[in-house]
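Chain by chain, the residues:
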Amino acid sequence: MTGRAFLTDDKGADAPRGAQNMTTRSDGETPREIDSAGLFDGRSEIIIVHNGGRYRLRITRQDKLILNK
């Protein structure tokens, strides 16, 4: 499965309704961009560990990303 982990279109194209422009943060830094194909490496689901919590990130049949705690 392919896709982008982060949007890079400066006009917010294909962004969910109400989503902010993800190319520049309020502090002026550009967020790190990671291609989801490399992140998932052929899998449809990965576990992300953050501050001791485990989060499940998965790709749906509609090619959307869902994050659950």
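Preceding block: the structure.
Residues numbered from 1 in each chain as written. Predicted model: local features only at pLDDT ≥ 70, side-chain atom pairs only at ≥ 80, totals over all residues. Heavy atoms only, no water.

Participant: Go over the overall build of the protein with me, naming the residues and quoting the values.
Facilitator: Scanning the protein for helices and strands turns up 1 helix and 3 strands. Counting helices and strands in the order they occur from the N terminus, the protein gives α-β-β-β. By residue count, 12% of the 69 residues in the protein fall in the buried class. In the protein, the proportion of contacts linking residues at least 24 apart, taken out of those at least 6 apart, comes to 24%. For the protein, the exposed area adds up to about 5900 Å²; of that, 45% sits on carbon and sulfur atoms. (Helix = DSSP H or I, 4+ residues; strand = E, 2+ residues; numbered from the N terminus. Buried < 20%, exposed > 50% of the residue type's maximum accessible area, 1.4 Å probe, protein only. Contact = heavy atoms within 4.5 Å. Areas by Shrake-Rupley, 256 points an atom, 1.4 Å probe, with all protein chains shown as cover.)

Participant: Describe the pattern of salt bridges, naming the residues involved and giving the relevant values.
Facilitator: Scanning the model with the defined rule gives 2 salt bridges in all. Residue D41 pairs with R43 through a salt bridge whose shortest N-O separation is 3.7 Å. Exposure remark for D41: the relative accessible area of 55% places this residue in the exposed category. (Salt bridge = Lys/Arg side-chain N within 4 Å of Asp/Glu carboxyl O.)

Participant: Run through the environment of D63, naming residues and quoting values.
Facilitator: Position of D63 among the secondary structure elements: in the loop between β2 (53-59) and β3 (65-68). Judged by its relative accessible area of 44%, D63 is partly exposed. In this structure, the C-alpha to C-alpha distance between D63 and S44, residues 19 residues apart in sequence, is 9.7 Å.

Participant: Residue-level account of the pairing of β2, with values.
Facilitator: Bridge analysis of strand β1 (residues 45-50) against β2 gives 6 bridges, and the strand direction is antiparallel. By the bridge assignment for β2, V49 is matched with R54. The turn joining β1 and β2, which pair antiparallel and follow one another in sequence, is formed by 2 residues; a positive phi near 50° is taken by N51. Pairing of β2 with β3 involves 4 bridges; the strand directions are antiparallel. Bridge pairing in β3 links I59 to L65. The turn linking β2 back onto β3 is made up of 5 residues, and D63 within it adopts a positive phi angle of 65°. (Pairing = 2+ DSSP bridges.)

Interpretation in functional terms is not warranted from these geometric data alone.
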